[in-house]
Amino acid sequence: MIRGKVWKYGDNINTDIISPPAYMELPIKEAAKYAMSPIDENFAKEFKEGDILVAGKNLGSGSSRETAPLTLYELGVRTIVAQSFARIFYRNAVNIGILAIECPETDRIEMGDIIEINYENGIINNLTKNEKYKCDKIPDHIMAIIKEGGLINYIVKKLQNKSS
Amino acid sequence: MPMTMSEKILARASGNDKVSAGDIVWVNVDKAMMDDILGPRIEIAEKLEKLNLPIWDKSRVVVISDHYTPPANAKQAEIVKFTREWCKKNGINNYYEFIGPCHQVMVEKGHVLPGEVIVGTDSHTCTYGALGCFGTGIGSTEMLGVLATGQIWFKVPKSIKVTWSGKLKKGVMAKDISLKTIGTIGHDGATYMAIEYTGDTINNLIMDERLAICNMAVEAGAKAGLIPYDSVTKEYLKQFNIDEDYSYINPDENAKYEKELYFKAEELEPQVACPHEVDNVTDISNVEGVKIDQAYIGSCTGGRYNDLKEAAKILEGKKVAKGVRLLISPASKDVYDRCLNDGILKILSDAGAVILAPSCGACLGVHSGTLAAGEVCISSTNRNFLGRMGSKDSKVYLGSPLSVATSAITGYITDCRQFV
């Protein structure tokens, strides 16, 4: 169960918005200060670990840049809920240990709402609005990666199993 | 059961006789491509060393410094230096720098073969589909996994079949096909899917044009964009002295597609993607008259030999409008040299264009043509996202090299057909 305060954005929040190219040459810690800055300069300043990023359709479209989830992770993003994800962003997020959950009803969720996510049962409770939404359960092959704490641990284990 | 091109290539690469859309498969990667901006410096070098993981096959790894070349500042220069030294230290002999965007270099240097699976740390890795190769973009951590194991998991994608038939009108290019297709599918309409482009219009396109189409498949959210192998593919590879054994893989007849779309080439007008989304596409006539500050021809999308040649046809004997800058970055040093030898660069330069180094720089606003607040650019590149080429208060319109060249002459977005 995950519970937290919502930071809500709309559709097509692309990688140029999440990780603006002009700051990609900076180390992740520095670059993170500019995450989401084209649409919200307060995000990097005020997002707290435990808060939940919620968006509409096609979150993370565009580039394959892992600096997008990496800078979000740096700011404390551990869970993202969206109506849909662009596929490379989805994989990148999962691979570094961010839980990415699809929920068709994110348009009912607003900035500042408190939500509770039960990703094993596929239910989101909006405590502020007293509403319930269905969300996707994490597929088995993705859960296997998350359970190992990300792709690298998963692969190290896979290699160990191969050699033993 | 008949298979799509993606299903067949992924079946081969996963050692299966047959796979179907939706299957999760572990695939053997034929080549792994990294660039400077998202290559070794992000997670990869540090973790590879920390975990003491050897690279699975150094001969299958290609690294190309292209985003930060030529560097605009010391930070970018350090990244290029880091990338170069990492390759040296790790015995990666396939290292290129300063000679242009990775995807064009990959193709020219013979690293892309039909029927292969190639992953790259750049979303436009889907470009290789024009050569009948399943190319797709991945992140850095994912690349670390590939470097260690030579494998990656894929969900076998469903495919959308896009058929273009008929003859393109004069002044209409593959870029217009690409934009029209994306405008129709929508920028997330092909998410998790592959696109197969087919039909006599596609068959009649030269490889430079085909590359421009597959390059932008990701702008519809697609995992890959593929064109079946044919004599055009074969002859193109020969041009770069690639005549070795490769086994191409084409789709089976009656393969099952998630969706089939049909377009008539003769009805297609020059297209423009308006700010700030690539699927915000309209006929150029609907935006004619928008004043521009910059016109840009370049990138892995729109800076190939044919793009510069077509632009030169428009610009020959004309001048770029006062107050407008036309910047041209050939997609590789090879493209640069060919255009130099054929007199194309001179025509472009005489018209007032400034010829830049082959680079990714301006396309993503990191150097060589970054936009200031309030400025408007028409560009032959692939993205017009908010702030893509510089200030978040600038605007980018995407069009064909012909549309860009014409607009540079008039100073506002202009239908090229009054000039061709």
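A tally of regular secondary structure across chain A gives seven helices and seven strands. Taking 15 Å as the expected radius of gyration for a compact globule of 164 residues, we find that chain A reaches 16 Å, a close match to that expectation. Taking all 164 residues of chain A together, the buried fraction comes to 47%. Of the contacts made within chain A by residues no fewer than 6 positions apart, 61% connect residues no fewer than 24 positions apart.

Turning our attention to the overall build of chain B. Summing up its helical and strand segments, chain B has 14 helices and 18 strands in all. Scaling as 2.2 N^0.38, a compact globule of 420 residues should have a C-alpha radius of gyration of about 22 Å, and chain B matches this with 20 Å. The principal-axis extent of the C-alpha atoms belonging to chain B is close to 55 × 55 × 40 Å. With 420 residues in all, chain B has 62% of them scored as buried.

A word on helix H6 (residues 174–185) of chain B. All names here are of chain B. With twelve residues, H6 extends 16 Å from end C-alpha to end C-alpha; this agrees with the ideal 16 Å at 1.5 Å per step. Counting buried residues along H6, eleven of its twelve residues qualify, which places the element largely inside the surrounding structure. Listed in full, the buried residues belonging to H6 are Ala174, Lys175, Asp176, Ile177, Ser178, Leu179, Lys180, Thr181, Ile182, Gly183 and Ile185. Where H6 ends, the next residue or the one after it, glycine 186, has phi of about 90°, a positive value.

With that settled, consider the domain arrangement of chain B. All names here are of chain B. For chain B, the assigned domains are domain 1 (5–263) and domain 2 (270–418). For domain 1 and domain 2, the distance between their C-alpha centres works out to 24 Å. In this assembly, 35 residues from domain 1 lie in contact with 36 residues from domain 2. Listed by contribution, the elements that provide at least two residues to the side of domain 1 that touches domain 2 are helix H4 (102–108), H6 and helix H8 (207–215). Broken down by element, the residue count for the side of domain 1 that touches domain 2 peaks at six residues, all from H6.

A separate point is the nonpolar core. Residue and element names in this part refer to chain B. Grouped together as the largest cluster of nonpolar side chains are 189 residues, with contacts concentrated most on Ile195, Ala222, Leu315 and Leu348. Among the elements that make up this core, the one with the highest residue count is helix H11 (residues 305–315) (six residues). The residues that make up this core include at least three from each of domain 1 (5–263) and domain 2 (270–418). The contacts of isoleucine 195, once residues within four sequence positions are left out, are Ile160, Val162, Ala190, Ala217, Ala220, Ala222 and Gly225.

Here we come to the sheet that holds strand S8 (residues 159–165) of chain B. Residues and elements named next belong to chain B. Judged by pairing direction, the sheet is parallel, and its four strands sit side by side in the order S10-S9-S8-S11 without closing on themselves. Sheet topology places strand S10 (224–226) and strand S11 (259–264) at the edges, where each strand pairs with a single neighbour. For this sheet the average axis-to-axis angle between neighbouring strands, irrespective of direction, equals 20°. Strands S8, strand S9 (194–198) and S10 of the sheet are contacted by helix H1 (residues 5–13), whose axis makes an angle of about 110° with S10.

On to the pairing of strand S5 (residues 114–118) of chain A, then. All names here are of chain A. Of the two faces of S5, only one is covered, namely that formed by Ile115 and Ile117; the face formed by Ile114, Glu116 and Asn118 stays uncovered. Here S5 pairs with strand S6 (residues 123–126) via four bridges, running antiparallel. Pairing of isoleucine 117 across the sheet is with isoleucine 124, part of S6. Following S5, the chain reverses through four residues before pairing antiparallel with S6; glycine 122 in that reversal takes a positive phi of roughly 75°.

Our focus in this paragraph is the environment of Leu326(B). Residue and element names in this part refer to chain B. Relative to the helices and strands, leucine 326 resides in strand S15 (residues 325–329). A count of 27 C-beta atoms within 10 Å places leucine 326 in the buried class. Spatially, the C-alpha atoms of leucine 326 and valine 107 are 27 Å apart, while their sequence positions differ by 219 residues.

Turning our eyes to something else, we now look at the sheet that holds strand S3 (residues 61–65) of chain B. Across a sheet, paired strands are connected by hydrogen bonds in the backbone, their directions being either parallel or antiparallel. Residues and elements named next belong to chain B. Taken in spatial order, the five strands of this open sheet run S4-S3-S2-S5-S6, and their pairing is parallel. The open sheet has two edge strands with one neighbour each: strand S4 (95–97) and strand S6 (134–137). When the angles between neighbouring strand axes are averaged without regard to direction, this sheet yields 15°. Here four bridges tie strand S5 (residues 117–120) to S6, and the two strands are oriented parallel to one another. Of the residues in S6, the one forming a bridge with glycine 120 is glycine 137. Across the sheet, helix H5 (residues 140–149) is in contact with strand S2 (31–35), S3 and S5; its angle to S2 comes to roughly 140°.

Contacts between the two partners involve 40 residues from chain B and, on the opposite side, 33 residues from chain A. For the side of chain B that touches chain A, the secondary-structure elements that each account for two or more residues are helix H2 (40–50), helix H3 (74–89) and H5 of chain B. Top element by residues in the side of chain B that touches chain A is H5(B). It accounts for seven residues. A per-class count over the side of chain B that touches chain A returns 15 nonpolar, 14 polar and eleven charged.

Relative to the helices and strands, Met3(B) resides in the segment before H1. Here Met3(B) is in contact with Lys8(B), Ala11(B), Lys18(B), Asp252(B) and Ala255(B), once residues within four sequence places are set aside.

All names here are of chain B. At a closest axis distance of 11 Å, the pairing of H2 and H3 adopts a crossing angle of 35°. Handedness of the crossing formed by H2 with H3: left-handed. Where H2 approaches H3, its residues Pro40, Arg41 and Ala45 are matched on the opposing element by Ile79, Phe82, Thr83 and Trp86. Its residues assigned to classes, the contact of H2 with H3 comprises five nonpolar, one polar and one charged.

Before going further, it helps to spend a moment on unusual backbone geometry. All names here are of chain B. Residue proline 70 follows threonine 69 across a cis peptide bond; omega there is -15°. Secondary-structure assignment places proline 70 in the loop between S3 and H3. Histidine 276 follows proline 275 through a cis peptide bond whose omega is -5°. One can find histidine 276 in the loop between strand S12 (271–273) and strand S13 (281–283).

Residue and element names in this part refer to chain B. Packing of H11 against helix H14 (residues 401–410) leaves a shortest axis separation of 8 Å and a crossing angle of 30°. Between H11 and H14 lies a crossing of right-handed hand. Contacts between H11 and H14 involve Asp307, Glu310, Ala311, Ile314 and Leu315 from the former and Pro401, Leu402, Ala405, Thr406 and Ile409 from the latter. Among the residues making up the contact of H11 with H14, the classes are represented as seven nonpolar, one polar and two charged.

Scoring rules and cut-offs
- All residue numbers here refer to positions counted from 1 along the written sequence of the relevant chain.
- As a convention, the first chain written is A and the first ligand written is 1, with the rest following in written order.
- Only residues with pLDDT of at least 70 get local features here, since the model is predicted, and only at 80 or more are side-chain atom pairs given and counted; chain-wide, interface and lining totals rely on the full set of residues.
- A run of DSSP states H or I qualifies as a helix once it reaches four residues; a run of E qualifies as a strand once it reaches two. Both are numbered from the N-terminal end.
- Atoms counted for the radius of gyration: C-alpha only. Globule rule: 2.2 Å times the number of residues to the power 0.38.
- Exposed residues have 12 or fewer other C-beta atoms within 10 Å of their own C-beta, buried residues have 20 or more, and residues in between are partly exposed; the C-beta atoms are placed from the backbone.
- Contact between two residues is assigned whenever their backbone-derived C-beta positions fall within 7 Å.
- Given a helix with a known number of residues, its expected span is that number minus one, times 1.5 Å.
- Where each domain starts and ends follows an automatic or database-derived domain assignment.
- A set of buried Ala, Val, Leu, Ile, Met, Phe, Trp, Tyr and Cys residues, joined to one another through C-beta atoms within 7 Å, is what we call a nonpolar core.
- Here a strand pair is declared whenever DSSP counts at least two bridges between the two strands.
- In this description, a line fitted to the C-alpha atoms serves as the axis of each element, helices being fitted only across the stretch in contact, and the angle between N-to-C directions of two axes falls anywhere from 0 to 180 degrees.
- Side-chain classes are defined by residue name, with Ala, Val, Leu, Ile, Met, Phe, Trp, Tyr, Cys and Pro counting as nonpolar, Asp, Glu, Lys and Arg as charged, and the others, Gly among them, as polar.
- The handedness criterion is simple: a crossing whose near helix is rotated anticlockwise from the far helix by less than a right angle is left-handed, and one whose near helix is rotated clockwise is right-handed.

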